[in-house]
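# Coordinates in review
What follows is each chain in one-letter form.
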Amino acid sequence: MVDRVSETLQISAAGLRAQSSRMRVIAENVANADSTARTPDENPYQRQIPVFQSEFDRQVGTELVRMNDVTLDESDFRMVYEPGHPAADGEGYVKYPNVSSLVELMDMRDAQRSYEANLTMVEGTRRMLERTLDLLRR
């Protein structure tokens, strides 16, 4: 039974780490949503997308999730007409990051729910283990 409890905790812990990493990337995207480049020739911040991968863990004997990489979103930058801005091009347009705060907030909500689900599994497993130990002490 202890092996199963340990496996459950390791699986949930991997999920917690993955979602925590995902939230870090989303927070970085939100923090840079309104940043611009310094000059018209430069590009502003480019949205990052976390990439997850399942990985077989021999110790646990099952697949665990982890954030494998972070890729850049190749969608177009937002163009805003601001002729007085230092990063404005010849036509007066400034490139802004390809970050949508609404999309990031929805992703953050999803990551938060997944994180909470994994945390609930850890708490449930801990309670089950405590009850088992209480029974064995009697």
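Residue positions within a chain follow its written sequence, with the count starting from 1. Side-chain atom pairs in this predicted model are given and counted only at pLDDT of 80 or more, local residue features only at pLDDT of at least 70, and totals for whole chains, interfaces and linings cover all residues. Side-chain metrics in this entry use all non-hydrogen atoms of the structure; hydrogen atoms and water are not considered.

### Brief notes about a nonpolar patch on the surface
Patch rule: a residue counts if its relative accessible area is over 30% and it has no salt bridge; like charges are joined within 9 Å, and nonpolar side chains (Val, Leu, Ile, Met, Phe, Trp, Tyr) within 5 Å. Only the protein chains shown count as cover for residues, and the accessible areas themselves come from Shrake-Rupley with a 1.4 Å probe. Within this document, salt bridges are pairs made up of a side-chain nitrogen of Lys or Arg and a carboxyl oxygen of Asp or Glu, the two lying within 4 Å of each other. The grouping of Met-79, Tyr-81 and Tyr-93 at the surface amounts to a nonpolar patch, some 320 Å² of accessible area in total. By definition, any uninterrupted DSSP run of H or I lasting at least four residues is a helix, any uninterrupted run of E lasting at least two residues is a strand, and each is numbered from the N terminus. The residue Tyr-81 is located in strand E3 (residues 78–81) in this model. By relative accessible area, Tyr-81 is classed as exposed at 52%. The buried label goes to any residue with under 20% of its type's maximum accessible area, the exposed label to any with over 50%, and the partly exposed label to all in between, with areas taken from a 1.4 Å probe on protein chains only.

### Here we look at the pattern of salt bridges
Counted under the stated rule, the structure contains nine salt bridges. Among the ionic pairs, Arg-66 bridges to Glu-55, the shortest N-O distance being 2.6 Å. Pair noted here: Arg-66 is in strand E2 (residues 62–72) and Glu-55 is in strand E1 (residues 48–57), with a separation of eleven residues, a long-range link. According to the relative accessible area criterion, Arg-66 is partly exposed, its value standing at 32%. Put simply, Asp-134 and Arg-137 hold a salt bridge, and the shortest N to O gap is 3.0 Å. Taken together, the positions of Asp-134 and Arg-137, both in helix H2 (residues 101–137) and three residues apart, correspond to about one turn of that helix. Judged by its relative accessible area of 35%, Asp-134 is partly exposed. Three or more residues are tied together by salt bridges with common partners; here these are Arg-47, Asp-73, Glu-104 and Asp-107.

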